[in-house]
Amino acid sequence: MGKVIGIDLGTTNSVCAYMDRRDPVVIINAEGGRVTPSVVGISKNGERFVGDIAKRQLLINPEATIHSIKRFMGRRYSELKPHELEMVQYNLVETRNGDAGVEIGDRVYLPQEISAMVLQKLRKSAEDFLGEPVTEAVITVPAYFTDRQRQATKDAGTIAGLDVLRIINEPTAAALSYVHNRKKSSTIAVYDFGGGTFDISILEVDRDLAEVRATRGNNTLGGADIDRRIVEWLLGQFQKEHGIDVSEDKLVLQRLREAAERAKLELSSAHETDIHLPFLLADATGPKHLQCSLSRYTFESLATPLFDQTLEECRKALEECRLGPEDIDEVILVGGSSRIPKVQEMVKNLFDRPLNKGFNPDEVVAIGAAIQAGILEGDVKAVTLLDVTNFSLGIEVEGRRAAKLIPKNTTIPTQKTQLVSTVIDNQRTVKIHVLQGESPNARENVSLGEFELQGIEPAPRGVPRIQVKFAIDANGMVQVSAKDTRSGVSNAVSIEAPTGLSQVEIDELRQEHSNYDERGDESDDLKALRHQIEKQLVSLEGFLRDNRGFLHKKDIFEIEQALKRGRMALLKSSDKGNLDDLSLYLARFFAHLADKTGGGDAPVH
Ligand code: ADP
Ligand code: MG
C-alpha cells in the first residue's frame, strides 16, 4: 500500500502532507511551494492551470479563472446569497440538479470537478515527491460543512483518483497536530481565520483523545472580506482625487483587489505601505493613476469590525461549553489572516495569555490530516477523535415543520432510530425528507434530500412499522437505512439516493479527468521552456517586490509591463518560437536592470 496523504483543501490555499514514519512532512509542489493556491484557470481549448500560475492569470482572464470554489461546493444555486455571486467574476449557473456550477465557454463545471483539479495537482506533487503512486487521502473540511458539502468534497477526491479514507474537521486536524507534539492534557482553542472563513473550536485534548467541546464559525468572514474593506477605501481615494466612481469596472476592481491584498500582507510587518496603480483608467482627459499610502492604523480601523466579529464567535463558543477565557490553556492560530498583528493582539487579550506560535498557521491543518492518515495506516498511535455534529439532523413532519432527531453538538459517530408508517392502505413507498439545520421551519433548513423507502409490504394504513435509522458517521456524513419490522420479520427497505452525484456520474467524471494531465499534449521542450519563463517571471516579481522602494516609477512601470506581457504569452501561446523570443527578451531585460541597479541586485534566471 502506498502512502496515505493528508490534504487541507482550503478556500484560498491548499496544503498536502504525509507521515515520514512519525514525522509529518509538508509536500513541495512543482513550483517549489509548500502552499498551492486553490485556483484553477481554464483556457479556451480546455487546457487547465492550477495553483500559482492560475492565480496570476486572475487579472488577465477573470471569467475563466476559478478561485474560492470551496464556497460553492455541495450548495444549491438557489441558496446562494447575492453577495456570494458578486464575490467572484466567473459565471455561476444552476446545474441540472439545482446545484451551483461554473460556466466557462460552452461547458458547465461542477464545483466538485474544479476541486478535483486542485486535488489532482496535489496528488501529482505528492507522487513526484514520494516517487510512488498515491491513491488514498484524508481530506479536511470546515467543521460547519453540511452533509452535502462533505459528500461533494469526498466526490471531488474520487474524481481526482483518490480514495478518501476519512473526512475530518479542520479544527480537529489542528488539534491532532497539537496532540502529536505535546503529551499533556489541556483545553485548547483553535482560532482559524483563513481567506474565506472564520472558525473557532474549543477542544479538550489528552495524549490519546481529542474531544471537541464547541465549534462555531462564520463562512462568509475571511481575508477576502478584509481585502474588500481596503478596496472600498481605495475606491473612495480614487473618487476623491479624480471624481470618478470606478466601482463598476471589473478589471479595475480586480487590480484593486490584488493591490489591497498586497498592502494587507505588507502591513503585517510594515507600519505603512504605498499603493501605486498606474493607468487604472483612461478617459478623454487622459490616463488616471492611483497613488496613495495606507497606514497600519487606517487599515486596522477599516478591518477591526471584522476582527470583532471573530471575537464575538469566540465568546459564544466559550459560552456554549460553559467555559471562560481563563479555562483555555493554549490558543492555536490557524489560517493566513491570523498573521495580522492586530488580530493576534485581540486574541491574546481575549484569552489573556501568550499565543502558541509553535505551529505554522498555513500548515497545521494539513499536518493534522497527515497524522490522521498515519493513524489509519497504523504507523501512528491512535487518537480517539470525539467530534461533534455542527447541525441538528431532522426530518420534515406535518405542517412543513422540522422534527429534530439528532441535536447539534452530539458526539459522532451517532445514530437514532425513528419509527414511521404509512398513511393510506397498501401504500408501498414512504418519502422521508431529511433536513440539516436549526430552524423549526422545514424550509429554512438545508435539505439533504428526500429518501424514498420502497418495497413496503402491502397492509392497511398505519400498520407497517418501518424503522428508519439515521446515523452520522465518523466523517460527519449522514447515512440512512430502513427496515420493515412488521410481525417481527425484518425486511430491508431500499432507499433511493438523495440528490448529489450518483456513483455512475462520479465514475464518468473520474474517467474523464484521469486522462487529463496539465498541458499533457505539450512536448517536453515546450514544457521546459514554459518552466524557464515561469522562473524568470517569478524572479522578476521578487525583484520588483524587494526593490520597489528604490526603483524609479518608470522602471516599475516597465517591469510591470514586462510581467504582464510574459504572463499573457505564457497563457495564450503554445508557439515555441514565440516563447523562445519571450525568454530571450526577459533575459535581456534582466541584464538591462542589472546595469541600472549596479549589477548586484538583478534577479537570477
Ligand atoms: P484558506 O483556509 O481560506 O484556504 P489561508 O489560511 O491560506 O486560507 O489564508 C489565506 C488568507 O490569509 C488570504 O486572505 C491572505 O491574504 C491572508 N494572509 C496570508 N498571509 C497573511 C499575512 N501575513 N497577513 C495578513 N493576511 C495574510
Ligand atoms: Mg484553511
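Per-chain numbering applies: the sequence of each chain, read as written, is numbered from 1 onward. For naming, the first written chain is A and the first written ligand is 1, with later ones following in the order written. Side-chain atom pairs in this predicted model are given and counted only at pLDDT of 80 or more, local residue features only at pLDDT of at least 70, and totals for whole chains, interfaces and linings cover all residues. Side-chain figures throughout are based on the complete set of non-hydrogen atoms in the structure, without hydrogens or water.

Draft legend 1. Spotlight on the sheet that holds strand 7 (residues 65-66). Two strands qualify as a pair provided that DSSP identifies no fewer than 2 bridges between them. Helix and strand definitions here come from DSSP, where helices need a minimum of 4 consecutive H or I residues and strands a minimum of 2 consecutive E residues; each element is numbered from the N-terminal end. The strand order 6-5-7 describes an open sheet built from 3 strands, whose pairing is antiparallel. This sheet does not close on itself; its edge strands, each paired only once, are strand 6 (48-50) and strand 7. Relative to strand 6, strand 5 (residues 40-42) runs antiparallel, the two sharing 3 bridges. Each bridged residue has a counterpart across the sheet, and for Val40 the counterpart in strand 6 is Val50.

Draft legend 2. Up close: the sheet that holds strand 9 (residues 100-104). The strand order across the open sheet built from 3 strands is 8-9-10, with neighbouring strands paired in antiparallel fashion. Of all the strands in the sheet, just strand 8 (91-94) and strand 10 (107-109) have a single pairing partner and so form its edges. Ignoring strand direction, the axes of neighbouring strands in this sheet form an average angle of 45°. Note that strand 8 and strand 9 share 4 bridges and pair antiparallel. Considered in strand 9, the bridge of Asn91 is made with Glu103. Axis lines are fitted through C-alpha atoms, for helices just across the contact stretch, and the angle between N-to-C directions can take any value from 0 to 180 degrees.

Draft legend 3. Representation of the site of ligand 1. Definition of nearness: a residue and a molecule or strand are near each other if at least one heavy atom of the residue lies within 4 Å of the molecule or strand. Close to ligand 1 lie 17 residues; Thr12, Asn13, Glu261, Lys264 and Ser268 are nearest. Measuring from a nitrogen atom of ligand 1, one finds a side-chain N or O atom of Ser268 at 2.6 Å. In protein, a polar contact requires one atom able to donate a hydrogen and another able to accept it; more generally it is a pair of N or O atoms within 3.5 Å, and residues adjacent in sequence count only if both atoms are side-chain atoms. Residue Gly336 places a main-chain N or O atom 2.9 Å away from an oxygen atom belonging to ligand 1. Its free accessible area being 580 Å², ligand 1 has 86% of it covered by the protein chains. Per-element accounting of the shell around ligand 1 gives the leading share, 3 residues, to helix 7 (residues 250-266). Amino acids are sorted into nonpolar (Ala, Val, Leu, Ile, Met, Phe, Trp, Tyr, Cys and Pro), charged (Asp, Glu, Lys and Arg) and polar (every other residue, Gly among them). Here the residues of the shell around ligand 1 are counted per class, giving 2 nonpolar, 12 polar and 3 charged. Only the protein chains shown count as cover for residues, and all accessible areas are computed by the Shrake-Rupley method using a 1.4 Å probe.

Draft legend 4. Focus on the packing of aromatic side chains. The criterion for an aromatic pair is that two Phe, Tyr or Trp rings (for Trp, the six-membered ring) have centres within 6.5 Å, with stacked assigned to planes under 30 degrees apart, edge-to-face to planes over 60 apart and tilted to the rest. According to the stated counting rule, one finds 10 aromatic pairs in the structure shown. With 6.3 Å between their ring centres and 45° between their planes, Tyr178 and Phe359 make a pair best called tilted. Placement of the pair is Tyr178 in helix 5 (residues 170-181) and Phe359 in the loop between helix 9 (341-351) and helix 10 (364-377), with a sequence separation of 181 residues. In this structure, Tyr178 and Phe359 share a single accessibility class: buried. An aromatic cluster is built from Tyr191, Phe193, Phe198 and Phe307, whose rings are joined through pairwise contacts. Two limits define a charge over a ring: the Lys NZ or Arg CZ must be within 6 Å of the ring centre, and within 35 degrees of the ring normal. Lying across the ring of Tyr109, Arg107 places its NZ or CZ 4.3 Å from the centre. Relative accessibility under 20% of the residue-type maximum defines a buried residue, over 50% an exposed one, and the middle range a partly exposed one, all with a 1.4 Å probe and only protein chains included.

Draft legend 5. Highlighting the pattern of salt bridges. Basic side-chain nitrogens of Lys or Arg form a salt bridge, by our definition, when they fall within 4 Å of a carboxyl oxygen of Asp or Glu. Across all of its chains, the model carries 25 salt bridges by this definition. Glu534 serves as the salt-bridge partner of Arg56, at 2.5 Å between the closest nitrogen and oxygen. Residue Arg56 is found in helix 1 (residues 52-56), and its partner Glu534 is found in helix 12 (residues 524-547); the two are separated by 478 residues along the sequence. The buried category is assigned to Glu534, whose relative accessible area is 12%. A salt bridge links Lys264 to Asp227, with the nearest nitrogen and oxygen atoms 2.9 Å apart.

These figures come from the coordinates and say nothing about function on their own.
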